[in-house]
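# Summary of structural features
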Amino acid sequence: MSIRASHLRPSLQRGATLVVVLILLLIMTVLGLAILRGTSLDERMSANMRDRSLSFQAAEAALREGESVAAALAAPPTGAGCTNGVCATPLPTATDRWLDAGFNAWRSASTSMGALPTPSTFIVEYMGDAPTWPGCDRKVPVDALCLSPRYRITARSQADGRAQVVLQTNFIVQ
């Protein structure tokens, strides 16, 4: 009997090749699943970054709109409430309006980002008069153009299940 003939007999075959191939197939499957999981994580991260960028752009556009509203005000608001997103000086002991979940006097921005389902909003708060250049308020008498109204403008962009961005700036009318 030759050596070749002995390899063809079933009683002498042990199935080692089948076991090796099955192990390699299992390893390739595990590697494929790991790569797939990593790719889906990367996609979710890039989608979240896109949402955040859109929300940031919408909040920044609302902030600029709030600055133009503040610049166009003929006189600082008086009283204690808010009208059309323009608010009087906040009380020092009260919670900041932009932190109060029950505050509902936000003004919707006219600029909208098409991909965001809800428009961004803003409020303009009068914060008192402020010097327009350093040290002008220390002069006696104070120059007529020294003090100008100062406003705190808060803009936010938020939607359910998406990124929320809040921006705030101090704006002195010149």
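See the structure above.
Reference entry: report on the structure contained in this document. (Residues numbered from 1 in each chain as written. Predicted model: local features only at pLDDT ≥ 70, side-chain atom pairs only at ≥ 80, totals over all residues. Heavy atoms only, no water.)

### A few points about unusual backbone geometry
Filter applied, for reference: By definition, any uninterrupted DSSP run of H or I lasting at least four residues is a helix, any uninterrupted run of E lasting at least two residues is a strand, and each is numbered from the N terminus. Burial status follows relative accessibility: with a 1.4 Å probe on protein chains alone, a residue under 20% of its type maximum counts as buried, one over 50% as exposed, and anything between as partly exposed.
Between Val 140 and Pro 141 the backbone carries a cis peptide bond, its omega angle lying at -5°. Unusually for a residue other than glycine, Asn 84 sits at a positive phi of about 55°. With respect to the helices, strands and loops of the structure, Asn 84 is situated in the loop between strand E1 (82-83) and strand E2 (86-87). Here Asn 84 falls in the exposed class, since its relative accessible area comes to 52%.

### Some remarks on the state of the cysteines
The criterion, for reference: Two cysteine sulfurs form what is called a disulfide whenever their separation falls within 2.5 Å.
Applying the stated criterion across every chain yields a total of two disulfides. What pairs with Cys 82 in a disulfide is Cys 87, and their sulfur atoms sit 2.0 Å apart. Here Cys 82 and Cys 87 share a disulfide; its torsion about the S-S bond, 110°, makes the bridge right-handed. Judged by relative accessible area, Cys 82 falls into the partly exposed class, the value being 25%. Given the relative accessible area of 0%, Cys 87 is considered buried. Two residues, Cys 136 and Cys 146, share a disulfide whose sulfurs are 2.0 Å apart. Its S-S torsion of approximately 80° makes the covalent link between Cys 136 and Cys 146 right-handed. In this pair, Cys 136 is assigned in the loop between strand E4 (121-131) and strand E5 (147-157) and Cys 146 in the loop between E4 and E5, connecting sequence segments ten residues apart. Cysteines bonded in the protein chain are numbered consecutively along the chain; their disulfide partners then correspond to 1-2, 3-4.

Keep in mind that these numbers describe shape and distance, not what the molecule does.
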